[in-house]
Amino acid sequence: MKTISIDIETYSSVNLTKSGVYKYCEADDFEILLFAYSVDGGEVKVVDLAMGEKIPLPVLNALTDENVMKWAFNAQFERICLSKYIGKHMTAKAWRCTMVWAATLGLPLSLEGVGAVLGLEKQKLTEGKELIRYFCTPGKLRDGTTIRHLPQDAPERWEQFKKYNIRDVEVEMSIQKRLSKFPVSETEWQNYILDQEINDRGIMLDMDLVESAIECDNEMRESNLQTAREITGLENPNSTVQLKEWLSEQGVETETLSKDAVEELLSEATDNVAEMLNIRKQLAKSSVKKYTAMETAVCKDSRARGLIQFYGANRTGRYAGRLIQVQNLPQNHLPDLEQARTLVKRGFYNDIEMLYDFVPFVLSELIRTAFVPKPGCRFYVADFAAIEARVIAWLAGESWRQDVFANGGDIYCASASQMFHVPVEKNGVNGHLRQKGKIAELALGYGGSVGALKAMGALQMGIDESELQPLVDAWRQANTKIVRFWYSVDSAVKACIKERHDTKTHGISFSLQSGILFITLPSGRRLAYVKPRIGENRFGGESVTYEGISGAKKWERLESYGAKFVENIVQATARDILAEAMLRLNTSGFDIVMHIHDEAVIEAAPETSLGEICRVMGQTPAWADGLILRADGYVCDFYRKD
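One structure accompanies this document, and this report is about it. As the structure is a prediction and not an experimental result, all values here were calculated from the model. (Residues numbered from 1 in each chain as written. Predicted model: local features only at pLDDT ≥ 70, side-chain atom pairs only at ≥ 80, totals over all residues. Heavy atoms only, no water.)

1. Re the environment of Gln309
Note the threshold: In DSSP terms, a helix is any run of H or I states spanning at least four residues, a strand is any run of E spanning at least two, and both are numbered starting from the N terminus. Two residues form a contact once any of their heavy atoms are found within 4.5 Å.
Assignment of secondary structure puts Gln309 in strand S10 (residues 308-313). If near-sequence neighbours (up to four positions away) are discounted, Gln309 is found in contact with Met99, Arg318, Tyr319, Ala320 and Arg322.

Here it is in C-alpha cells:
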C-alpha cells in the first residue's frame, strides 16, 4: 500500500462551522459514521461504522504508517477526526490535501465547486447536504426537543448516504488525476505540514477575560437600552425605523443611522438627542463578536485551534483567518491595556465606564489581549518591517527606495521628501508632510488614484480634496520605475495570452498551459489564472479576464490589469518570504502559535532571545538576492501591538 484516499461522515452535537474541527471532535457524542476509502487508486469501499462494521486492520495500520500517503479533500478534517477515533494524534507529515492542490491552481475551495469547474464525469451528489443535515447534525422537533436520526430511522436514505460517501472519494480521485500535470512542489507541502502543526498546537485564550468581556457588553447594552427607553419612550430604541421616527419628532431628519451619519448628527445635537445618539453609537459597535467566536471555538485545554487557513487566498496563496478571524483583529491604542483588562476581568464595569466613557471601544481594544502564552512562557512577536514596500521596490528596481531601506530610513518620510522635493523628518523639519507620504504609500502602490486615497481615509486625515490628484501625480513622478513595472506586467500578460508564448519582465515569467495563465514568482511558486482572455473593460479599453472566485463567493469571470497583477505578485512574494521564515523558525526550535500577515507569534520561555528570533526571521531567501529585509520584534505577556 502506497496511497489511500479517504472521506468520512461524522456526527457531533457541536456546530462544525462555528467551532472548527478540533472542538467538534471533543464532543462526548462525536462519532465517525462512515469511512470510505480507496487503496492505491483501486475500487472505493465504504465501512459502515455506525452499523457495527470495522475498518480492515491493514487500512487501520496505514493511518499511522508514515510510508503510506493519505489523501483527502480538506485533509485536516479527516486527520483530526481519525486521530480522535484511533486515540492517537496523527501529524500531517503523511497527509496530502486535494483542496490545497486545487487552491494552488486558483480553483474553488469546495469539492463540489472543483468538480463543476473541471467538468468531471463524476460529480459530487447534490443530495449530500440534506443527508448530512439529517444524519450528521442534531435535529429539532416542533416543541424544541433535540433528536438524533440513526441509520435505522431511514434505511433507504442511509444507503443513499453510503453512496454519497463513496462518490466523494471518487470525485477526489478524479481531481487528483486531472491535476496530475500540475504537481504541488515539495516546498509547498512542507509549508502545509508546518501550517497544520501550528493549527494543531493552537494558541491559549484568557477565558476569564473573554467571559467577563461578554458579560460587560451585555450589562452595558441592557443599561443603555433602559436609558434609551426612558429618553425616547420607544419599545425598541435599537430599531432604526423607530429611532428615525423619534428623531424626526425632535426636528432631526436623517436618511440613515450609519456610523458616519450619527457622528455628523452628533456635531450639532444637544440634550436628549445628543444622549440618544451617543447610546446609538455604543449599541451599534459590535465589540463582542470576536469574544463569542473565542468562546465557541476554544477547546477544553483553553487553546483555540484551526485559526489559520493554508492557501486561504488562492489568488496569492496567502494565509486566511478562520473561526476567530485573527487576520483582522482590531488594533489597540490604549496606553494602559493592563489596567483596562484587569478591570474587565474583575467585573468592575462601572469603573470602566467612568474611566473610559466608551465601553465598546475598550472591549474592542482588549480583543488582542485575550490571546495569552501558556504558563511559564511569554509571546515573542516578530514581523517584517514594510514588507510590501520593500518587495515592490526590489522587483521594480526603484533604487532610491532600496537606499532608504538599506540605510534604515523611514519610507513615509522618504516618500514625502521625494514627492515634494524637500527634506522630511518624523517629528522634525517638514514633519507635517509625512502623513501625506504615508497615505500615498498605502493607497497608490498598486495603481490606485484619487478614489484609493479617499478609501484610505485621506479626507478624514485632513487632506483637502483639491490636493488628492496632485498627490497621485507627485507619487507617480517620484516612483517612475514602479509605474513602469505596472505597464510592463500588463504588456507581458497580454502578449502571453494573445500570442500564446512565454513572456518575462522584471524577473517574473508568464506562460500558458492547458488553459491556465501561470505567473512564476522569483521563489519559483506559480500563481494561476483559469481560462484567461483578452476582453474590453468598462472604459472601452483592452483588459484581461479570467475565471475565479469573486467577492460574492461565486465562480465567475473576473477582470484584472497590470497594477492588479503587480499587487498579486508583490503580496504572493511577501507570503513566500513569510512561509520560508516560518520554516526556518520552526527548524530552529521556535514554537509558532499564530501568524498574521507579515508577523509571527512565538510561545517561548522567558530566557529566549528575541534578537535570535528576529535574526532567523529576517534572513533574505536565496532566491531574493538584493532584497533588503528587516525583522523587528517585541516581547509581551498577552498579545498586543507594540
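So, next bit.
2. Focus on the environment of Arg575
Rule in force here: For each residue, the accessible area found with a 1.4 Å probe, counting protein chains only, is set against the maximum for its type, and the residue is called buried under 20%, exposed over 50%, and partly exposed in between. Within 3.5 Å is the distance limit for a polar contact, defined as a pair of N or O atoms, with the added protein rule that one can donate a hydrogen and the other accept it, and that residues adjacent in sequence qualify only through two side-chain atoms.
Among the secondary structure elements, Arg575 is positioned in helix H24 (residues 562-587). Of the residues examined, Arg575 reaches a relative accessible area of 3% and is grouped as buried. Residues in contact with Arg575, not counting those within four places in the same chain, are Glu188, Asn191, Phe310, Tyr311, Gly317, Arg318, Tyr319 and Arg525. Polar contacts involving the side chain of Arg575 include one to the main-chain carbonyl oxygen of Gly317, which spans 2.7 Å.

3. Considering the packing of helix H14 (residues 337-345) against helix H15 (residues 349-356)
Under the convention used in this document: Axis definition: a line fitted to C-alpha atoms, limited for helices to the stretch in contact. Angles are taken between N-to-C directions and run from 0 to 180 degrees. Each crossing is labelled by how the near helix is turned from the far one, with a counterclockwise turn of less than a right angle marking it left-handed and a clockwise turn marking it right-handed. In this classification, Asp, Glu, Lys and Arg are treated as charged, Ala, Val, Leu, Ile, Met, Phe, Trp, Tyr, Cys and Pro as nonpolar, and every other residue, Gly included, as polar.
One way to put it is that H14 packs onto H15 with a least axis distance of 8 Å and a crossing angle of 145 degrees. The crossing of H14 and H15 is left-handed. Contacts between H14 and H15 involve Gln339, Ala340, Leu343 and Val344 from the first element and Tyr349, Asp351, Ile352, Leu355 and Tyr356 from the second. Grouping the constituent residues of the contact of H14 with H15 by class yields 7 nonpolar, 1 polar and 1 charged.

4. Thoughts on unusual backbone geometry
Despite not being glycine, Asp40 has its phi angle at roughly 50 degrees, a positive value. Considering the arrangement of structural elements, one finds Asp40 in the loop between strand S2 (31-39) and strand S3 (45-48). Looking at Asp40, the relative accessible area reads 43%, which means it is partly exposed. Of note in this structure, Ser514 is not a glycine but carries a positive phi near 50 degrees. Structurally, the position occupied by Ser514 is in the loop between strand S15 (508-513) and strand S16 (516-520).

5. Here's the deal with the sheet that holds strand S9 (residues 303-304)
Under the convention used in this document: Should DSSP find at least two bridges between two strands, the strands are regarded as paired.
Ordered in space as S9-S8-S12, the 3 strands form an open sheet in which the pairing is antiparallel. The sheet is open, and its two edges are formed by S9 and strand S12 (371-372), each paired on a single side. Inspection of the sheet shows strand S8 (residues 203-205) paired to S9 by 2 bridges, in the antiparallel sense. In the sheet register, Ile203 faces S9, and the bridge partner there is Ala304.

6. Describing the sheet that holds strand S19 (residues 555-560)
If you walk across this open sheet you meet the 6 strands as S14-S15-S16-S17-S18-S19, and the pairing is antiparallel. Of all the strands in the sheet, the pair left with one neighbour each is strand S14 (503-505) and S19. Here the average twist between neighbouring strands, direction ignored, is 35 degrees. Looking at chain direction, S15 and S16 are connected through 5 bridges and run antiparallel. Opposite Ser509, over in S16, you have Thr520 as the bridge partner. Of the strands in this sheet, S15, S16, strand S17 (526-536), strand S18 (542-549) and S19 touch H24, which is tilted by about 175 degrees from S17.

7. Let's talk about the pairing of S16
In terms of burial, S16 is largely enclosed, as 4 of its 5 residues are buried. In this antiparallel pair of consecutive strands, S15 and S16, the connection spans 2 residues, and Ser514 shows a positive phi of 50 degrees. Summarising the sheet, S16 and S17 pair through 5 bridges and their orientation is antiparallel. Note on S17: the bridge partner recorded for Thr520 is Arg526. With antiparallel pairing between neighbouring strands as the criterion, S16 and S17 make up a hairpin whose turn holds 5 residues, including Gly524 at a positive phi of roughly 100 degrees.

8. Overview of the pattern of salt bridges
To be explicit about the condition: One speaks of a salt bridge when a side-chain nitrogen belonging to Lys or Arg is within 4 Å of a carboxyl oxygen belonging to Asp or Glu.
Scanning the entire structure with this criterion turns up 38 salt bridges. Residue Glu465 pairs with Lys454 through a salt bridge whose shortest N-O separation is 2.6 Å. Here the residue Glu465 occupies a position in the loop between helix H21 (450-455) and helix H22 (468-478), and Lys454 occupies one in helix H21, the gap between them amounting to 11 residues. With relative accessibility at 46%, the residue Glu465 sits in the partly exposed group. Using a relative accessible area of 33% as the deciding quantity, one classes Lys454 as partly exposed. The residue Glu547 makes a salt bridge to Arg557 at a minimum N-O spacing of 3.5 Å. In this pair, Glu547 is assigned in strand S18 and Arg557 in strand S19, connecting sequence segments 10 residues apart. For Glu547, a relative accessible area of 16% corresponds to the buried category. For Arg557, a relative accessible area of 29% corresponds to the partly exposed category. Linked through salt bridges whose partners overlap, the residues forming this network are Glu188, Arg525, Arg575 and Asp576.

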